[in-house]
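Analysis of the macromolecular model
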Amino acid sequence: MRDHQSDNARKGSQHSPDLQATALDDAWLPLEQIAAACRVEPEWLLMRLEQGLLPDTACMGGVWRFTSVSVVRARRMRALERDFEALPDLAALVADLIEERDRLRARLRNAGLE
């Protein structure tokens, strides 16, 4: 079993500030730009698109476009796959859970309960 804490200490925190970005209003970004922002090859993104693991995307005229929400999700999934050697499906599931937690916290804040 690998020592993930020491791995994360060497790599930096898995919850870096760049993963905590807020969504831009209706911004659509091309595949190549997202790949560069996530520090992955475009093929990494295409594989996850084919598996249905990256929502908030669209293919317009044969060109994939991503919202800022999908960028945050892709970066989070990449970090999970890298830091914990997670399979893409598991990384997507964990991303789903984190996104749901964030939605619930926002609801609590809006209701004045947090």
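Please read these numbers as outputs of a predicted model, since none were measured by experiment. (Residues numbered from 1 in each chain as written. Predicted model: local features only at pLDDT ≥ 70, side-chain atom pairs only at ≥ 80, totals over all residues. Heavy atoms only, no water.)

Some details on the overall build of the protein chain
Selection criterion: Numbering of helices and strands runs from the N terminus; a helix is a DSSP stretch of H or I covering at least four residues, while a strand is a stretch of E covering at least two. Per-residue accessibility takes into account occlusion by the displayed protein chains alone, with areas from the Shrake-Rupley method and a 1.4 Å probe.
Looking only at helices and strands, one finds 5 helices and 3 strands in the protein chain. Secondary structure elements in the protein chain, listed N-terminal to C-terminal, are α-β-α-α-β-β-α-α. If you sum the accessible surface of the protein chain, you get close to 7,500 Å²; carbon and sulfur atoms cover 55% of it.

A few points about helix 2 (residues 31-38)
In an α-helix, one turn spans 3.6 residues; hence positions three or four apart end up facing the same way. The criterion, for reference: Throughout this description, buried means an accessible area under 20% of the type-specific maximum (1.4 Å probe, protein chains only), exposed means over 50%, and partly exposed covers the range between. The directions from the helix axis to the C-beta atoms are what the arc is built from. The contact criterion used is simple: two residues touch if any of their non-hydrogen atoms lie within 4.5 Å.
Listed as buried for helix 2 are L31, I34, A35 and C38. Down the axis of helix 2, the buried set is contained in an arc of 100°. They therefore lie on one face. In helix 2, the exposed positions angled more than 90 degrees off the buried face are occupied by E32 and A36. Residues of helix 2 that are buried make contact with strand 1 (28-30), helix 3 (42-50), strand 3 (63-67) and helix 4 (68-84).

Focus: the confidence of the model for the protein chain
Should the pLDDT be low somewhere, the predicted coordinates at that spot are not to be read in detail. This is how the line gets drawn: The predictor attaches a confidence to each residue, called pLDDT, with possible values from 0 through 100.
Taken over all residues, the pLDDT of the protein chain has a mean of 82, while the share at 70 or more is 76%. The weakest mean pLDDT in the protein chain belongs to helix 1 (residues 4-11) at 38; the strongest belongs to helix 5 (residues 88-110) at 97. Contacts from residues 1-25, a stretch scored under 50 in pLDDT, to residues over four places away or in other chains number 27 contacts.

A closer look at the pairing of strand 3
How we decide: Two strands are counted as paired when DSSP detects at least two bridges linking them.
Both strand 1 and strand 3 contribute to a ladder of 3 bridges, which runs antiparallel. Directly across from P30, in strand 3, lies its bridge partner R65. Alignment of strand 2 (residues 57-60) against strand 3, held across 4 bridges, turns out to be antiparallel. Counterpart to A58 in the pairing with strand 3 is R65. Counting the residues that bridge the hairpin from strand 2 to strand 3 gives 2 residues, and of these G61 lies at a positive phi of roughly 60°.

Examining the environment of R75
With respect to the helices and strands, R75 occurs in helix 4. For R75, a relative accessible area of 18% puts it in the buried group. Expressed as a C-alpha distance, the spacing of R75 and V40, which sit 35 residues apart in the sequence, is 9.2 Å.

Overview of the environment of L108
In this fold, L108 is placed in helix 5. Residue classification places L108 among the partly exposed positions, given a relative accessible area of 39%. Discounting chain neighbours no more than four positions away, the residues touching L108 are L113 and E114.

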